[in-house]
Amino acid sequence: TPYSSQHYHAINLAQTVNVTNTQGINISVSGFYCLESPDKGFCYCVQMWVDDDYEGSATLTHRNWIFGSEVVRGEGVIGYFPTLVSGGFRSNQYPEKLEAGKFAYWSCSGAREDGDTMTGWMEFRRGDDKSIVKANVGEIVITRNNKLWC
């Protein structure tokens, strides 16, 4: 699952963490160099949640990552389109089940140059009025000094 303890472990150990809040939608991103599989290169962990007093829901529709000068766009994340609500989230895989806490996942960007950056934004559709919110993702620096077995 995208929200296993392994993800939280990696997020908590990573030294490079940036948290942003856009209209009540929070995104935390952290990164590390994967020692176990150097071909994976730089790995990153993302957590997303809404403020405790957030009214309604926000469903992830698209991601837009900027790795150095490369832009990566796509729908959802690793096949998931989580719906964030105050106190938890629902997965498109199990929409009837409300999970407590933050939605989290990790992925890899492949080999990157030491010192490159990662930033971007995620698009969410609000449940109440169907408006789109472009939630910013804070910038982190890709460095081989921040290593982790993954």
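Scoring rules and cut-offs
- Residues numbered from 1 in each chain as written.
- Predicted model: local features only at pLDDT ≥ 70, side-chain atom pairs only at ≥ 80, totals over all residues.
- Heavy atoms only, no water.
- Helix = DSSP H or I, 4+ residues; strand = E, 2+ residues; numbered from the N terminus.
- Buried < 20%, exposed > 50% of the residue type's maximum accessible area, 1.4 Å probe, protein only.
- Contact = heavy atoms within 4.5 Å.
- Areas by Shrake-Rupley, 256 points an atom, 1.4 Å probe, with all protein chains shown as cover.
- Polar contact = N/O pair within 3.5 Å; in protein donor to acceptor, adjacent residues only side chain to side chain.
- Salt bridge = Lys/Arg side-chain N within 4 Å of Asp/Glu carboxyl O.

> Honestly, the overall build of the protein in this entry has me stumped. Any pointers?
Scanning the protein from N- to C-terminus turns up 1 helix and 12 strands. Scanning the protein from its N terminus toward the C terminus, one meets helices and strands in the order α-β-β-β-β-β-β-β-β-β-β-β-β. By residue count, 52% of the 150 residues in the protein fall in the buried class. Of the contacts made within the protein by residues no fewer than 6 positions apart, 61% connect residues no fewer than 24 positions apart. Of the roughly 7,400 Å² of accessible surface on the protein, a fraction of 47% belongs to carbon and sulfur atoms.

> How should I be thinking about the environment of F124 in this particular structure?
One can find F124 in strand β10 (residues 117–126). The class for F124 is buried, based on a relative accessible area of 0%. It is 9.5 Å that separates the C-alpha atoms of F124 and G76, two residues lying 48 residues apart in sequence.

> What exactly am I supposed to notice about the environment of D128 here?
Residue placement: D128 occurs in the loop between β10 and β11 (132–141). Distance from D128 to S57, taken between C-alpha atoms, is 7.2 Å for residues 71 residues apart in sequence. A polar contact is formed between the side chain of D128 and the side chain of R126, at a distance of 2.8 Å.

> Just to check I follow, could you spell out the pattern of salt bridges for this structure?
Note that side chains of opposite charge can pair when their charged atoms are close. Inspection of every chain in the model, using the stated rule, returns 3 salt bridges. Here K97 and E99 are joined by a salt bridge, their closest N and O atoms 3.4 Å apart. Residue classification places K97 among the partly exposed positions, given a relative accessible area of 44%. For D129, the salt bridge identified is with R126, shortest N-O distance 3.9 Å. Note on D129: relative accessible area 48%, which makes it partly exposed.

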